[in-house]
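Summary of the model geometry
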Amino acid sequence: HSDVYFLVPSPLDLQLHTEACSGENTMLAVLVEELKKTGLQAAPADHCYAGSEDVACDVCTGRKLKACKSCLQCLASYCEKHLQPHFEAAPLKKHKLVEPSKKLQENVCSRHDEVMKMFCRTDQQSICYLCSVDEHKGHDTVSAAAERSEKQREIQDREKDVKLLQQEVEAINGSADKTVGNSEKMFTELIRLMEKRRSDVKQQVRSQQQTEVSRVRELQEKLEQEITELKRKDAELEKLSHTEDHNQFLHDYPSLSPLSESTHSSSIKIRPLRYFEDVTAAVSEVRDKLQDVLREKWTNISQTVTEVDVLLSEPKPEPEPKTRAEFLKYSCDITLDPNTAYTLLLLSDENRKVTAMSKNQSYSSHPDRFTGRCQVLSKESLMGHCYWEVELRGNVSVAVTYKNISRAGGSDECGFGGNDKSWALDCNNNSYDFRYNKVFTPVSGPRSSRVGVYLDHRAGILSFYSISETMTLLHRVQTTFTQPLHAGLWLNWSPGESADFKSVDLCFKPDKMEGN
């Protein structure tokens with residue numbers, strides 16, 4: 001809080017001013033007016049003066065004030081007071097003012113003493129106009145503003161790449177967490193099933209063990225009783241056998257108690273010692289089969305895990321399908337997004353079919369809707385390997401596009417194939433044309449009402465096929481896809497034209513491949 005001083009008129013000054021106003025002292029009146037204009041102004045506070053770390057005003061004399069702006073045309077810095085001409089003088093209003101800078105002289109060419117307003121891309125350095133027609137003549141030169149815009153675009157692109165990679169990291173982490181969770185759940189279920197089966201086997205064996213032991217012990221007790229009875233009878237017979245009197249023997253013999261029904265040895269079947277060993281063998285067989293399955297399937301699981309790839313890696317080359325069966329492995333269901341459909345397009349068949357109509361449909365307003373092109377996009381975003389087929393009626397363009405394609409109006413930026421964000425195959429009544437970035441390429445091949453599309457996003461492959469009794473390659477694109485793609489359809493304005501995404505596993509399966 002520095003002290004601020006004011007020049008305040010004394011009572012004498014006020015008296016003289018009063019007299020001057022009454023016409024008694026004209027010269028003094030002029031002096032008083034000057035004091036009123038300049039003498040009452042506040043002196044700058046200390047914090048308004050430039051320090052060693054500040055940019056000083058180049059116009060101030062004596063103790064310099066801090067600069068509030070620097071001028072790139074004047075190559076000078078100004079305080080608020082000396083900056084005023086840049087707001088008032090018409091020629092100075094066009095000058096470029098920036099935040100105070102100590103490096104203004106770095107913008108001056110050391111050779112020609114001119115402001116460097118150009119950039120040489122060949123030598124990657126800032127130059128002045130005279131440099132561009134002198135030692136940099138014939139080089140790739142642009143204005144400094146244009147180069148800055150290009151650099152800013154590169155930065156923005158890098159920021160987009162960083163954001164995309166961050167999204168990729170989040171997707172990888174999310175997918176990995178979900179997969180680990182699902183795997184843990186499934187393996188836990190398998191372990192629980194194995195535990196239950198182990199408990200079942202144990203319980204059944206113990207139960208059967210008790211049953212068989214009880215049966216054996218019951219038979220054992222019966223045999224022991226029979227043995228005791230036989231020994232008693234044997235003793236009685238032994239005593240009777242010593243009787244010499246035949247009449248007495250015959251008299252006593254009927255009094256002997258009869259033997260109970262004997263358990264014949266042939267009715268006793270001893271259980272083989274391998275009875276429970278058969279159970280062990282059966283369990284061992286199950287174990288071996290499970291080990292074989294786990295060993296075989298683990299190889300598939302391991303290979304699937306190692307095939308996981310991200311944008312940082314080069315696409316792994318995989319052979320393009322050669323047979324119908326190979327294409328069918330990648331078949332996917334495509335549905336159309338009503339929020340993207342042009343108002344003259346009718347979606348039906350669970351949003352799998354689109355038809356051109358003569359009257360506008362009752363769609364609600366949506367920022368994703370095409371407003372000047374008779375087009376519609378799929379709901380699904382397409383990555384990896386995908387294959388689908390479209391049944392066509394009339395002149396229809398089958399396309400793939402990035403989601404950020406323009407939607408408003410009828411310019412080429414909105415039309416499939418009219419920009420660098422989309423690829424389209426025009427299927428006319430008697431011919432094909434491929435379009436990308438406004439370039440038309442005639443395509444030869446058999447005309448068919450059905451077109452197949454194969455996409456290998458990672459490898460940058462996009463192929464179109466004519467589907468009839470044979471499957472014929474019409475056109476193949478090799479490029480680099482930087483975003484997920486969406487399937488698209490573009491119908492002419494003729495009412496009745498239609499396109500229908502067919503379920504591939506139900507459609508005609510040609511057994512011949514041509515041109516692949």
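In this text, all values refer to a predicted model and were calculated from it rather than measured experimentally.

Definitions and cut-offs
- Residues numbered from 1 in each chain as written.
- Predicted model: local features only at pLDDT ≥ 70, side-chain atom pairs only at ≥ 80, totals over all residues.
- Heavy atoms only, no water.
- Helix = DSSP H or I, 4+ residues; strand = E, 2+ residues; numbered from the N terminus.
- Buried < 20%, exposed > 50% of the residue type's maximum accessible area, 1.4 Å probe, protein only.
- Contact = heavy atoms within 4.5 Å.
- Areas by Shrake-Rupley, 256 points an atom, 1.4 Å probe, with all protein chains shown as cover.
- Salt bridge = Lys/Arg side-chain N within 4 Å of Asp/Glu carboxyl O.
- Core = buried A, V, L, I, M, F, W, Y, C linked by side-chain atoms within 4.5 Å.
- pLDDT = per-residue confidence, 0-100.
- Pairing = 2+ DSSP bridges.
- Axes fitted to C-alpha atoms, helices over the stretch in contact; angles between N-to-C directions.
- Polar contact = N/O pair within 3.5 Å; in protein donor to acceptor, adjacent residues only side chain to side chain.
- Phe/Tyr/Trp six-rings, centres within 6.5 Å; stacked < 30°, edge-to-face > 60°.
- Expected span 1.5 Å × (residues − 1).
- Lys, Arg positive; Asp, Glu negative; His and termini not counted.

Broken down by element type, the protein carries 10 helices and 20 strands. Burial analysis of the protein (516 residues in total) assigns 28% to the buried set. The contacts in the protein between residues at least 6 apart in sequence include a share of 57% that link residues at least 24 apart. Carbon together with sulfur atoms contributes 53% to the accessible area of the protein, which is approximately 34400 Å² in total.

Between side chains of opposite charge, a pair can form when the charged atoms approach closely. Considering all chains together, one arrives at 22 salt bridges under this definition. Here E99 ties to K69 by a salt bridge, and the two come within 2.9 Å at their closest N and O atoms. Of this pair, E99 sits in the loop between β3 (97-98) and β4 (118-120) while K69 sits in strand β1 (residues 69-71), placing them 30 residues apart in sequence. The class for K69 is partly exposed, based on a relative accessible area of 25%. With its nearest N and O atoms 2.6 Å apart, the salt bridge here joins R324 to E389.

Another aspect to go through is the nonpolar core. Counting residues in each nonpolar core, the largest one holds 47 residues, and the members touching the most others are V354, W388, W423, L425, L462, F464 and L489. If sequence neighbours within four positions are ignored, L425 has contacts with V396, S397, V398, Y432, D433, F434, V443, V451, F464 and L474.

The next thing to look at is the confidence of the model for the protein. Any region with low pLDDT has predicted coordinates that should not be read closely. Overall, the prediction assigns the protein a mean pLDDT of 82, with 82% of residues at 70 or greater. A low-confidence stretch, residues 1-25 stays under pLDDT 50, and its non-local contacts, those more than four residues away or across chains, total 21 contacts.

This part takes up the sheet that holds strand β14 (residues 439-443). The strand order across the open sheet built from 6 strands is β9-β18-β11-β12-β13-β14, with neighbouring strands paired in antiparallel fashion. The open sheet terminates on both sides in strands that have one partner only, identified here as β9 (375-377) and β14. Across the sheet, the mean angle from the axis of one strand to that of its neighbour is 20 degrees, orientation sign disregarded. Two strands pair when backbone bridges link them, and strand β11 (residues 396-402) and strand β12 (residues 422-427) are joined in this way by 6 bridges, in the antiparallel orientation. Within the sheet, the bridge partner assigned to V396 lies in β12 and is C427.

Moving on: the sheet that holds strand β2 (residues 76-78). Here we have 3 strands laid out as an open sheet, ordered β2-β1-β3, and antiparallel in their pairing. The open sheet has two edge strands with one neighbour each: β2 and β3. Sheet analysis places β1 next to β3, joined by 2 bridges and oriented antiparallel. The residue bridging C71 from the neighbouring strand is L97, located in β3.

Let us look at the side chain of T401. Within the secondary structure layout, T401 lies in strand β11. T401 sits in the buried class, given a relative accessible area of 0%. From its side chain, T401 meets the backbone oxygen of K421 in a polar contact 3.1 Å long. When residues no more than four places from it in sequence are discounted, the contact partners of T401 are L377, F416, K421, S422, P484, L485 and H486.

The next subject is the environment of N430. Here N430 is to be found in the loop between β12 and β13 (432-436). Considering only alpha carbons, one finds N430 and R447, 17 residues apart in sequence, at a separation of 6.6 Å.

Another aspect to go through is the packing of aromatic side chains. Taken as a whole and assessed by the stated rule, the structure comprises 9 aromatic pairs. Each ring, one from F327 and one from Y465, has its centre 5.0 Å from the other, and the planes form 75 degrees; the classification is edge-to-face. Within this pair, whereas F327 is found in helix α10 (residues 324-328), its partner Y465 is found in strand β16 (residues 461-467), the two being separated by 138 residues in sequence. Given a relative accessible area of 0%, F327 falls into the buried group.

With that settled, consider helix α7 (residues 144-241). Between its first and last C-alpha atoms α7 spans 141 Å; for 98 residues at 1.5 Å apiece the expected length is 146 Å, and the two agree. Turning to α7, its buried residues number three or more, namely E147, E212, E226, E229, K233 and L240. Buried-residue contacts for α7 involve β4, β6 (141-143) and α8 (246-252).

Here we come to unusual backbone geometry. One non-glycine residue, N437, lies in positive phi territory at about 55 degrees. Within the fold, N437 resides in the loop between β13 and β14. A positive phi angle, close to 75 degrees, is found at K438, a residue other than glycine. Among the secondary structure elements, K438 is positioned in the loop between β13 and β14.

Attention shifts here to the pairing of strand β19 (residues 498-502). Looking along a regular strand, one sees the side chains alternate between the two faces of the sheet. In terms of residue burial, β19 counts as a mostly covered element, since 4 of its 5 residues are buried. Judged from the 3 bridges that link them, strand β8 (residues 353-356) and β19 form a sheet pairing that is antiparallel. When the sheet's bridge partners are listed, T355 is paired in β19 with S498.

Moving on, we come to the environment of A341. Among the secondary structure elements, A341 is positioned in the loop between α10 and β7 (345-348). Note on A341: relative accessible area 0%, which makes it buried. Separated by 33 residues in the primary sequence, A341 and C374 have C-alpha atoms spaced 7.7 Å apart. When residues no more than four places from it in sequence are discounted, the contact partners of A341 are L347, Y363, R369, Q375 and V376.

The subject of this paragraph is the side chain of D433. Within the secondary structure, D433 is located in strand β13. At 7.3 Å, R435 is the nearest oppositely charged side chain to D433, a buried residue that forms no salt bridge. Setting aside residues no more than four positions away along its own chain, D433 makes contact with A424, L425, D426, N428, F440, T441, P442 and V443.

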